[in-house]
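# Coordinates in review
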Amino acid sequence: MTTIDPSLYLSNQNTTRTPSANLGKDEFLQILMTQLQNQDPSQPMDDTQFISQMAQFSSLEQMMNMTNSIDTLVQSQLISPVIEYSHMIGKEVSYEATDQETGEALGNTSSKVVAVSQHEGWAVLELENGDKIYADAVTEVSDRAEDGESDE
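What you see is a predicted model; the values in this text were computed from it and never measured.

Secondary structure assignment for the protein yields three helices and five strands. Reading the secondary structure of the protein in the N-to-C direction produces α-α-α-β-β-β-β-β. Per-residue burial for the protein yields a buried fraction of 16% across its 152 residues. Within the protein, counting contacts between residues at least 6 apart in sequence, those at least 24 apart form 42% of the total. For the protein, the exposed area adds up to about 12,100 Å²; of that, 52% sits on carbon and sulfur atoms.

If a probe as big as a water molecule is rolled over the atoms, it shows which places are left empty. The calculated volume of the largest pocket comes to roughly 160 Å³. If you go around the largest pocket, the residues you meet are Tyr95, Glu96, Ala97, Thr98, Gln100, Leu106, Asp131, Lys132, Ile133 and Ala137. Put simply, the parts of the chain that give the lining of the largest pocket at least two residues each are strand 1 (92-98) and strand 4 (132-134). Broken down by element, the residue count for the lining of the largest pocket peaks at four residues, all from strand 1. Here the residues of the lining of the largest pocket are counted per class, giving five nonpolar, two polar and three charged.

On to the environment of Ser110. On the secondary structure map, Ser110 appears in strand 2 (residues 105-119). For Ser110, a relative accessible area of 36% gives the class partly exposed. Once the C-alpha coordinates of Ser110 and Ser94 are considered, the two residues, 16 residues apart in sequence, prove to be 4.2 Å apart. Each residue touching Ser110, except ones within four places of it in the same chain, is listed here: Glu92, Val93, Ser94 and Asn129. A distance of 2.9 Å separates a polar atom in the side chain of Ser110 from a polar atom in the side chain of Ser94.

Judged by pairing direction, the sheet is antiparallel, and its five strands sit side by side in the order 4-3-2-1-5 without closing on themselves. The open sheet has two edge strands with one neighbour each: strand 4 and strand 5 (138-142). Sheet twist, expressed as the average angle between the axes of neighbouring strands with direction ignored, equals 45°. With three bridges joining them, strand 3 (residues 122-127) and strand 4 adopt antiparallel strand pairing. Across the sheet, residue Val124 finds its bridge partner in strand 4, namely Tyr134.

Definitions and limits used
- Residues numbered from 1 in each chain as written.
- Predicted model: local features only at pLDDT ≥ 70, side-chain atom pairs only at ≥ 80, totals over all residues.
- Heavy atoms only, no water.
- Helix = DSSP H or I, 4+ residues; strand = E, 2+ residues; numbered from the N terminus.
- Buried < 20%, exposed > 50% of the residue type's maximum accessible area, 1.4 Å probe, protein only.
- Contact = heavy atoms within 4.5 Å.
- Areas by Shrake-Rupley, 256 points an atom, 1.4 Å probe, with all protein chains shown as cover.
- 1 Å grid on protein atoms, 1.4 Å probe; cavity = no way out; pocket = protein on both sides within 12 Å on 5 of 7 lines; lining within 4 Å.
- Points joined across faces, edges and corners; volume = space filled by probe spheres on them.
- Nonpolar A, V, L, I, M, F, W, Y, C, P; charged D, E, K, R; others polar.
- Polar contact = N/O pair within 3.5 Å; in protein donor to acceptor, adjacent residues only side chain to side chain.
- Pairing = 2+ DSSP bridges.
- Axes fitted to C-alpha atoms, helices over the stretch in contact; angles between N-to-C directions.

Below, the structure is given as structure tokens:
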């Protein structure tokens, strides 16, 4: 004769409920199903009321799906600056150079980008001449090598 596993008894089920401030589609369906199960058979729920509740459920589900889609879109827009500017590696950029000590403008300078890094959310281009500049400081981008010849 087989025995029943005591862990499966209904008395072993958790009877405490943790309240939640969120009313999602699962909770809405539970309310609707409880309402249907406990309705008076001599006075069933009005069809229009039932259809109205189903329409509310459908709207809730579509709104939740739209929220998830918007979250996905926002996450895809938050691309790392390193990835966004990685195409600049190997390109020659022109920028307005300044003296680090005096802050004096040294004029327009060009150098080849050898790496891209990130500082406080901003893309930093590391150049062949040792300078590090923010990507928004670039005034011109070209495929030219330092000797003036084209890489193409």
